[in-house]
Amino acid sequence: MSQASILYDLPGPRAKRRNAILGVASTVGIIALLAYVGYKFADTGQFEARKWEQFQYASVQRELLGGLGATLKAAGIAAVLALLFGAVFASGRLSDKWILRTPATFVVELFRAIPLLILIFFGYYVPLQYGWSIDKLWALVIGLVLYNGSVLAEIFRAGINAVPYGQTEGAYAIGMRKNQVLRLILLPQAVRSMLPAIVSQLVVLLKDTALGFIITYPELLFVGKQIGGRLPFGLPYVPTYLIVAAIYIAICGSLSALAWWLQKRMGRTPRTAAKVLPAQDAGADSARMI
Amino acid sequence: MGAFFRVLTDNGQLFVDGFTNTVKLFLIAAVGSLVLGTLLGAMRVSPVPALRAFGATYVNLVRNTPLTLVFAFLVFAVPKLDVNIDYFPSAAIALTVYTSAFVCEVIRSGVNTVAAGQAEAARALGMTFGQVLTLIVLPQALRAMVPPMMSVYIAMLKNTTIAAGFSVLEAGAIPAYMAERGEPQFAVLLWITIGFLILILPLVALQRFLERKWRVAR
């Protein structure tokens, strides 16, 4: 039985029959729903060859790949910088000195409260106002780094705090210095415990690159809009977005699966004393849930 | 500094309209995703495998899709299916469809946090299914659910800004209008930030309070 079994007893003969009936009815309902969507697709000609034929062309495939490349480029740069940002501000928040702790706390809390799109707009419109030229890539990256870096800082902090205090006490007791305690005792254990949460935050970051669409950074979604808007192919928005969605789901889905796998694995082997931080639901504010 | 305040006073109506629509969008999508999310959550913890599979598929597909793509699909692709929805309802639907997946997960994991022994003990005392559910399981599950549910809704409030990219005048769309009017963007964006801080900080404070107060001892 699944974990959810708390809500119902092991089914007896009557419950089994009822469940079977419900199962059949819901299967029929779901199939009917999908059939209606399929009918709607066919009725409006989404399966016409004309709408799909351009995806056979190498040039269109190259366009999609280019968009994917731009997405991955922004995500890659932003991921590296956000991890750095997170590490710096997490150590600030964990510092004993208030002069480091207070500003770090302020920055992290502020950037988590501002909508990501507004942060991207700061990177996009403000340079425009002062007549500086800024690459749209960097406008996007700035926003992604500030937001995800702040969330990552909270994940790092939670990871360090999840190591039982006895570990620190023990390390000090055998004469280690603060730096050694952090480097040799806390970090190795914390990294294991926070790896799943970090990976799922990177999925969030990758998904959020799609906001580049709004400032016309030519990432995958933006390229999809262009391909979908071609009149000679009958405005194939539906096929194009289905393909784009499949690409996102494939990439983000495999990263999410990696996060869950890591969480299971880390939870199983008792090599870390720190509780494994959950691979949070991408898209919701992960760090707040810890 | 004078210029900073003038941005707000000269364009007061735009800010009021923008933030009013943000709040409207938030409230509509909050109710919508609570309903749809609870339905999906119920499916995921139901004894019927077909419903469980459907719930899981929905959550996994939606969670790995960017919200912007959901918006784009509703605004650009759905009209091609001969379904015509206005921009504002489209935005509300996009937010609902997306947020429901997270609400569903909160509900599922909330129910799962209740230890099986609790229900077993209740049954051993002779409670009926209804009593087990309403007196033992749900109260504990709800306490575990409310704080993460709040953070889902805080995230959704911020996500309403994405509607700006799809012709909905809400707070996120103000910069584009102001750019046309040649207003100093830095001031505009600071005002929008302040607006969101006013909306979000009470929610964050409430969430932290509930998290501390309702921590379930296990």
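Every residue gets a number counted from 1 within its own chain, in the order that chain's sequence is written. Chains and ligands are labelled by the order in which they are written, letters from A for the one and numbers from 1 for the other. Note on the predicted model: pLDDT of at least 70 is required for a residue's local features to be given, and 80 or more for side-chain atom pairs to be given and counted; whole-chain, interface and lining totals, by contrast, use all residues. As a rule here, side-chain values cover all heavy atoms of the structure and leave hydrogens and water aside.

A. Focus on the nonpolar core. Core analysis: the biggest nonpolar cluster contains 149 residues, and A:Leu221, B:Phe15 and B:Phe71 have the highest contact counts within it. Helix and strand labels come from DSSP, where a helix needs a run of H or I of at least four residues and a strand needs a run of E of at least two; each type is numbered from the N terminus. In terms of residue count, helix α6 (residues 136-162) of chain A provides more of this core than any other element does, 15 residues in total. Aside from chain neighbours lying at most four places away, what touches B:Phe71 is B:Ala91, B:Ala94, B:Leu95, B:Ile162, B:Ala163 and B:Phe166. Nonpolar cores were defined as sets of buried Ala, Val, Leu, Ile, Met, Phe, Trp, Tyr and Cys residues, with membership established by side-chain atoms within 4.5 Å. Only protein chains enter the accessibility calculation, which uses a 1.4 Å probe; a residue is then buried when its area is under 20% of its type maximum, exposed when over 50%, and partly exposed in between. Ranked by size, the runner-up nonpolar core spans six residues in total, among them A:Val199, A:Leu262, A:Met266 and A:Ala279. Any two residues whose heavy atoms approach within 4.5 Å are treated as being in contact.

B. Geometry of the interface of chain B and chain A. Facing 65 residues of chain B, the contacting portion of chain A comprises 59 residues. A combined buried area of about 5500 Å² lies between chain B and chain A, and 71% of that area is made up of carbon and sulfur atoms. A pair is scored as a salt bridge if a Lys or Arg side-chain nitrogen falls within 4 Å of a carboxyl oxygen belonging to Asp or Glu. Applying the counting criterion to the chain B and chain A interface returns one salt bridge. Among the salt bridges present, the one from B:Arg208 reaches A:Glu109, with a minimum N-O distance of 3.5 Å. Whenever two N or O atoms come within 3.5 Å, that pair is a polar contact, provided that in protein one can donate a hydrogen and the other can accept it, and provided that, for residues adjacent in sequence, both atoms are side-chain atoms. Remark: the boundary between chain B and chain A carries eight residue pairs in polar contact (both at pLDDT 80 or more). Those elements that place two or more of their residues in the side of chain B that touches chain A are α3 (49-63), α4 (67-77), α5 (87-113), α6 (116-124), α7 (129-159), α8 (174-181) and α9 (185-213) of chain B. Sort the elements by how many residues they give to the side of chain B that touches chain A and α9(B) lands first, with 13 residues. Lys, Arg, Asp and Glu make up the charged group, whereas Ala, Val, Leu, Ile, Met, Phe, Trp, Tyr, Cys and Pro make up the nonpolar group; the residues left over, Gly among them, are polar. Tallied by class, the residues present in the side of chain B that touches chain A amount to 44 nonpolar, 12 polar and nine charged. We define buried area as the total accessible area lost by two parts upon association, computed with a 1.4 Å probe and summed across both.

C. Molecular detail of the packing of α3(B) against α5(B). All names here are of chain B. Throughout, an axis means a line fitted to C-alpha atoms (over the contacting stretch in the case of helices), and angles, computed between N-to-C directions, take values from 0 to 180 degrees. Between α3 and α5, the shortest axis-to-axis distance is 9 Å and the interhelical angle comes to 125 degrees. For the element pair α3 / α5, the angle class is oblique. Between α3 and α5 lies a crossing whose hand is left-handed. Every residue of α5 that contacts α3 at Tyr-58, Val-59, Val-62 and Arg-63 is listed here: Val-97, Tyr-98, Ser-100, Ala-101, Phe-102, Cys-104 and Glu-105. A breakdown of the residues in the contact of α3 with α5 according to their chemical character gives eight nonpolar, one polar and two charged. An angle below 35 degrees is treated as roughly parallel, one above 145 as roughly antiparallel, one from 65 to 115 as roughly perpendicular, and anything else as oblique. In this scheme the handedness of a crossing depends on how the near helix is turned from the far one: anticlockwise by less than a right angle means left-handed, clockwise means right-handed.

D. Structural detail: the side chain of B:Thr99. All names here are of chain B. Looking at the secondary structure, you find Thr-99 in helix α5. Polar side-chain contacts of Thr-99 include one of 2.6 Å to the backbone oxygen of Leu-95. Once you skip the residues sitting within four places of it in the chain, Thr-99 turns out to touch Ser-33, Val-152, Tyr-153 and Met-156.

E. Inspection of unusual backbone geometry at higher detail. Phi is positive for A:Leu235, close to 45 degrees, though the residue is something other than glycine. Structurally, A:Leu235 can be placed in the loop between α9 (220-228) and α10 (237-268). Even without a glycine there, the phi angle at B:Ser167 is positive, about 60 degrees. When you line up the elements, B:Ser167 lands in the loop between α7 and α8. Owing to a relative accessible area of 52%, B:Ser167 belongs among the exposed residues under this scheme.

F. Representation of the pattern of salt bridges in the model. The final tally for this structure, using the stated rule, is 12 salt bridges over all chains. Across the pair A:Glu109 and A:Arg112 runs a salt bridge, and its minimum N-O distance is 3.5 Å. Taken together, the residues A:Glu109 and A:Arg112, both in helix α4 (residues 98-113) and three residues apart, mark about one turn of the helix. When its relative accessible area of 1% is taken as the criterion, A:Arg112 is described as buried. Between A:Arg157 and A:Glu154 there is a salt bridge, with the nearest N and O atoms lying 3.3 Å from each other. Placement of the pair is A:Arg157 and A:Glu154 together in helix α6, with a separation of three residues, close to one helical turn. Overall, A:Glu154 belongs to the buried group, its relative accessible area being 7%. One salt-bridge network, in which partners are shared between bridges, spans A:Arg93, A:Glu109, A:Arg112, A:Glu154, A:Arg157 and B:Arg208.

G. A look at a nonpolar patch on the surface. Residue and element names in this part refer to chain A. A grouping of Val-80, Leu-81, Leu-84, Trp-138 and Ile-142 is seen on the molecular surface, where their side chains present a nonpolar patch of about 430 Å² in accessible area. Breaking the nonpolar patch down by element, the ones donating at least two residues are α3 (58-94) and α6. No other element matches the three residues that α3 contributes to the nonpolar patch. Taking the relative accessible area as the measure of exposure, Leu-81 reaches 34% and is therefore partly exposed. Patches draw on residues past 30% relative accessible area with no salt bridge. Two like charges within 9 Å are joined, as are two nonpolar side chains (Val, Leu, Ile, Met, Phe, Trp, Tyr) within 5 Å. For every accessible area listed, the method is Shrake-Rupley and the probe measures 1.4 Å; residues are considered covered only by the protein chains on display.

H. Quick look at the layout of surface pockets. The distinction between a cavity and a pocket rests on a 1 Å grid over the protein atoms alone: a 1.4 Å probe fits inside a cavity but cannot get out, while a pocket stays open yet meets protein on both sides within 12 Å along at least five of seven lines, and a residue with an atom within 4 Å of a point counts as lining. Grid points are joined across faces, edges and corners, and a volume is the space filled by probe spheres set on the points. The computed volume of the second largest pocket comes to approximately 1400 Å³. Taken together, 32 residues line the second largest pocket, and the ones lying closest to its centre are A:Leu34, A:Val37, B:Tyr58, B:Phe73 and B:Val97. Looking at the lining of the second largest pocket, the elements with two or more residues in it are α1 (13-43) and α10 of chain A together with α2 (12-44), α3, α4 and α5 of chain B. Sort the elements by how many residues they give to the lining of the second largest pocket and α1(A) lands first, with seven residues. Split by residue class, the lining of the second largest pocket holds 29 nonpolar, two polar and one charged.

I. A look at α9(A). The buried count for α9(A) comes to seven of nine residues, which makes it a mostly enclosed element. Of all the residues in α9(A), the buried ones are A:Leu220, A:Leu221, A:Phe222, A:Val223, A:Gly224, A:Ile227 and A:Gly228. Residues of α9(A) that are buried sit in contact with α3 and α10 of chain A together with α4 of chain B. Between the side-chain oxygen at the start of α9(A) and the backbone nitrogen of A:Leu221 there is a gap of 3.1 Å, and the oxygen is on A:Glu219.

J. Examining the packing of aromatic side chains more closely. Between rings of Phe, Tyr and Trp, where Trp is taken as its six-membered ring, a pair exists when centres lie within 6.5 Å; planes separated by under 30 degrees are stacked, by over 60 edge-to-face, and by other angles tilted. One pass over the structure, following the stated rule, counts 20 aromatic pairs over all chains. An angle of 20 degrees between the planes, with centres 6.2 Å apart, marks the rings of A:Tyr237 and A:Tyr241 as stacked. Placement of the pair is A:Tyr237 and A:Tyr241 together in helix α10, with a separation of four residues, close to one helical turn. Grouping residues by exposure puts A:Tyr237 and A:Tyr241 together as buried. Among the aromatic residues, those joined into a ring-pair cluster are A:Phe213, A:Phe222, A:Tyr237, A:Tyr241, B:Phe71, B:Phe73, B:Phe76 and B:Phe166. When the ring centre of B:Phe76 is taken as origin, the NZ or CZ atom of A:Lys225, which lies over that ring, is 4.3 Å away. As a reminder, the over-ring test applies to NZ of lysine and CZ of arginine, requiring each to be within 6 Å of the ring centre and within 35 degrees of the ring normal.

K. Region of interest: the state of the cysteines. Note on terminology: disulfide denotes any pair of cysteine sulfur atoms within 2.5 Å. Applying the stated criterion to the full structure yields zero disulfides over all chains. Free cysteine: A:Cys252, not disulfide-bonded; nearest cysteine sulfur from B:Cys104 at 19 Å. By relative accessible area, A:Cys252 is classed as buried at 0%.

Keep in mind these values describe shape, not function.
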